[in-house]
Amino acid sequence: MGIEEFGGGQHEKSDVLVVTTNDVPGFRVERVIGEVFGLTVRSRHIGSQIGAGLKSLVGGELKGLTKTLVETRNQAMERLIQQAKARGANAVLMFRFDVTEAADVGTEVCAYGTAVVITPQQ
């Protein structure tokens with residue numbers, strides 16, 4: 001797996017800035033729109049489960065599962081950005097991920113934060 005398959009985050013040309021901080025230096029919050037989230041649930045692929053089980057016997061990274069989790073997080077983040085944009089936001093503050101097991105059949109990934117409108121400080 002190349003490094004491009006390990007990472008995620010927002011695209012450089014996104015209309016919505018997403019940050020984990022409470023504010024953005026050089027900008028002020030004009031309006032708080034409220035909580036937004038992007039959610040996805042992924043089932044486990046039987047082949048990857050078998051491979052992961054075998055790999056766990058000898059140790060090491062479970063690359064197939066890592067790649068799946070990266071793709072899942074990116075999808076959840078894209079949905080968060082779409083929701084924020086649809087509600088009129090140009091930024092999401094206090095961005096976080098929450099990952100939980102979904103009834104033993106998959107993994108739920110929720111990307112969430114606070115949608116806001118920010119403007120450059122004068």
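Computed from a predicted model, the values in this text were never measured in an experiment. (Residues numbered from 1 in each chain as written. Predicted model: local features only at pLDDT ≥ 70, side-chain atom pairs only at ≥ 80, totals over all residues. Heavy atoms only, no water.)

1. Re the overall build of the chain
Step number 1: The helix and strand tally for the chain stands at two helices and four strands.
Step number 2: Restricting the contact set of the chain to residue pairs at least 6 apart, pairs at least 24 apart contribute 78%.
Step number 3: Summed over its atoms, the accessible surface of the chain is roughly 7,800 Å², and 54% of this surface lies on carbon and sulfur atoms. (Helix = DSSP H or I, 4+ residues; strand = E, 2+ residues; numbered from the N terminus. Contact = heavy atoms within 4.5 Å. Areas by Shrake-Rupley, 256 points an atom, 1.4 Å probe, with all protein chains shown as cover.)

2. A look at the confidence of the model for the chain
Step number 1: Looking at the chain, the pLDDT average stands at 84 and 78% of residues meet or exceed 70.
Step number 2: The lowest-confidence element of the chain is helix 1 (residues 46-58), averaging 55 in pLDDT; the highest-confidence one is strand 1 (residues 17-18), averaging 96. (pLDDT = per-residue confidence, 0-100.)

3. Here's the deal with the side chain of Thr-72
Step number 1: Here Thr-72 lies in helix 2 (residues 63-86).
Step number 2: Here Thr-72 is in contact with Thr-40, Arg-42 and Val-109, once residues within four sequence places are set aside.

4. Concerning the sheet that holds strand 1
Step number 1: Pairing is mixed in the open sheet, where four strands are placed in the order 1-3-4-2. Two strands lie at the open edges of the sheet, namely strand 1 and strand 2 (27-43), each paired on one side alone.
Step number 2: As paired elements, strand 1 and strand 3 (residues 91-102) share two bridges and run parallel to each other. Looking across to strand 3, one finds that Leu-17 is bridged to Ala-91.
Step number 3: Where helix 2 meets the sheet, its contacts fall on strand 1, strand 2, strand 3 and strand 4 (106-120), and the angle it forms with strand 2 comes to roughly 140°. (Pairing = 2+ DSSP bridges. Axes fitted to C-alpha atoms, helices over the stretch in contact; angles between N-to-C directions.)

5. Quick look at the environment of Glu-101
Step number 1: Its location among the elements puts Glu-101 in strand 3.
Step number 2: Accessibility expressed as a relative area gives 49% for Glu-101, which makes it partly exposed.
Step number 3: Residues Glu-101 and Ser-43, spaced 58 residues apart in sequence, show a C-alpha to C-alpha distance of 9.9 Å. (Buried < 20%, exposed > 50% of the residue type's maximum accessible area, 1.4 Å probe, protein only.)

6. Focus on the packing of aromatic side chains
Working definition: an aromatic ring pair is given by the centre-to-centre distance plus the angle between the planes.
Step number 1: If you walk through the whole model with that rule in mind, you get one aromatic pair.
Step number 2: Measuring from centroid to centroid gives 5.0 Å for Phe-95 and Phe-97, while their planes differ by 75°, and the two rings are edge-to-face.
Step number 3: Residue class for Phe-97 comes out partly exposed when judged on its relative accessible area of 27%.
Step number 4: The positively charged end of Arg-73 is found above the aromatic ring belonging to Phe-97, 4.4 Å away from the centroid. (Phe/Tyr/Trp six-rings, centres within 6.5 Å; stacked < 30°, edge-to-face > 60°. Lys NZ or Arg CZ within 6 Å of the ring centre and 35° of its normal.)

7. Here's the deal with a nonpolar patch on the surface
Step number 1: Together, Phe-37, Leu-39 and Tyr-112 give the surface a local cluster of nonpolar side chains, amounting to about 250 Å² of exposed area.
Step number 2: Structurally, Tyr-112 can be placed in strand 4.
Step number 3: For Tyr-112, a relative accessible area of 30% translates into the label partly exposed. (Patch = residues over 30% accessible without salt bridge, like charges linked within 9 Å, V, L, I, M, F, W, Y side chains within 5 Å. Salt bridge = Lys/Arg side-chain N within 4 Å of Asp/Glu carboxyl O.)

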